[in-house]
Amino acid sequence: MLFFDVTKALSQKSKSGLSRVSGRLREELSSVLRHKFELVVWSNRKGKFVLADGKSKSPFSIDDWILTPELFSSEERNGFESFKANCPAKFAAIFHDAIPLKYPEITWPHSVGRHPSYMKLLANFDLVLSVSEASRVDLIGYWNWLGISKFPEVKILQLGSNLIDSNRVSEIVIPGSRHVLIVAILDPRKNQEKLLTVCERLWEQRVEFSVTFAGRVNPHFGKPIQRKIKALEKRGLPICHLPKVSDTELVALYQKSRFTVYPSLAEGCGLPVLESLWFGRPCVCSDIPAVRESAEGGGCVLFSLDDPGQLEDALHSLLMNEDKMKQLESEVNNRVLPTWRESALAVIDVLELR
């Protein structure tokens, strides 16, 4: 039996990379495992996991796995370490990234305070599934830095590309499309201010294109970016920000775009890069380790964060050079992209649940 932790996921209203991973993975795991799959939530009152539907649950057995894709510390889950020590089931976690440790100055204060405890806690799990090799290196490096000599195996879990349960888009970009899409929370880590500066320069050069930012606003750090977008919009420039976008609306945004941009400073995986490719749209993205893992298979233009001109050159090329677009379109179509069903099957195999 696989018990899947949805303690926070069930109450989350806003979309994020973490919620996407939790939601799509549990959909596919439930579909494959059926009666061998249950959702659980942590009860601080009882100091243990209970079934999400509120029904009673017999004790966990040695054949069970408890899998959590969530971020938490022992302080947030009263009695967690005691429960784990006395529970016969095995524990697995999905590790996303070490960004709060590496970029505390632009990360939510609560995340910065929680993450060291969370990453240390994972050393006591039976297995960790990392969303990228880059994140795997960060996690093991942190354990080594702490002097932890005994820790679990950390395996790579390839995340899916299909945003929703839909067929891959085979047709190429809408003829004549001049629309550019950015899917990400408004956040300094996503490097949108640099992107806005580049867009301004291209508009000054009379390059015709429109831009849509799709994603919520980081309440701690995202307001200046939001104000910048509104200021450009008031000047009559073709730009907009959509803070609340449903999956159906997001699919439509991908489908009408010429290409997407993902200029992030740091990522655990960079899921929107894969999603963009699934919809047949090339992606201009930053050349950082986690994103590079998704981009190197083709269909992407990587730019160096150390060279300010590379991002502008990449956007200009994809907006003005049809031959470059056709090359990227061919690369996208020739790529084999992972699906969430394959991700679920990989989890089932590694946990030996077949």
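In what follows, the structure referred to is the one given above.
Residues numbered from 1 in each chain as written. Predicted model: local features only at pLDDT ≥ 70, side-chain atom pairs only at ≥ 80, totals over all residues. Heavy atoms only, no water.

### Here we look at the sheet that holds strand β5 (residues 90–95)
Consideration 1: Pairing within the open sheet is mixed, and its 7 strands lie in the order β3-β2-β1-β4-β5-β6-β7. If you trace the sheet from one side to the other, it starts and ends with β3 (48–51) and β7 (153–156), each paired once. Strand-to-strand twist in this sheet, taken as the mean axis angle between neighbours without regard to direction, amounts to 30°.
Consideration 2: For strand β2 (residues 37–43) and β3, the ladder comprises 4 bridges, and the chain directions are antiparallel. When the sheet's bridge partners are listed, V41 is paired in β3 with V50.
Consideration 3: Contacting β1 (2–5), β2, β4 (65–68) and β5, helix α1 (residues 17–33) runs over the sheet at an angle of about 160° to β1.
Consideration 4: Sitting on the sheet, helix α5 (residues 133–146) touches β5, β6 (127–130) and β7, and the angle it makes with β7 is about 165°. (Pairing = 2+ DSSP bridges. Helix = DSSP H or I, 4+ residues; strand = E, 2+ residues; numbered from the N terminus. Axes fitted to C-alpha atoms, helices over the stretch in contact; angles between N-to-C directions. Contact = heavy atoms within 4.5 Å.)

### Side note on the pairing of β7
Consideration 1: As paired strands, β6 and β7 are joined by 4 bridges and run parallel to one another. Within β7, the position partnered with V128 by the bridge is V154.

### Brief notes about the pairing of β2
Consideration 1: Within β2, 5 of the 7 residues are buried, which leaves the element mostly enclosed by the surrounding structure.
Consideration 2: Pairing of β1 with β2, which is carried by 4 bridges, proceeds in the parallel orientation. Of the residues in β2, the one forming a bridge with D5 is V40.
Consideration 3: Where β2 folds back onto β3 in an antiparallel hairpin, the turn is made up of 4 residues, including G47, whose phi is positive at roughly 65°. (Buried < 20%, exposed > 50% of the residue type's maximum accessible area, 1.4 Å probe, protein only.)

### Here's the deal with the packing of helix α11 (residues 308–320) against helix α12 (residues 322–334)
Consideration 1: At their nearest, the axes of α11 and α12 sit 6 Å apart, and the two run at 95° to each other. What the angle tells us is that α11 and α12 run roughly perpendicular. Two secondary-structure elements touch here, α11 through S317, L318 and M320 and α12 through E322, K324, M325 and L328.
Consideration 2: Looking at the contact of α11 with α12 residue by residue, the classes come out as 4 nonpolar, 1 polar and 2 charged. (Parallel < 35°, antiparallel > 145°, perpendicular 65-115°, else oblique. Nonpolar A, V, L, I, M, F, W, Y, C, P; charged D, E, K, R; others polar.)

### Digging into a positive patch on the surface
Consideration 1: Taken together, the side chains of K223, R227, K230 and K234 make up a positively charged region of the molecular surface.
Consideration 2: On the accessibility criterion, R227 (54% relative accessible area) is exposed. (Patch = residues over 30% accessible without salt bridge, like charges linked within 9 Å, V, L, I, M, F, W, Y side chains within 5 Å. Areas by Shrake-Rupley, 256 points an atom, 1.4 Å probe, with all protein chains shown as cover. Salt bridge = Lys/Arg side-chain N within 4 Å of Asp/Glu carboxyl O. Lys, Arg positive; Asp, Glu negative; His and termini not counted. Charge placed at Lys NZ, Arg CZ, Asp CG, Glu CD.)

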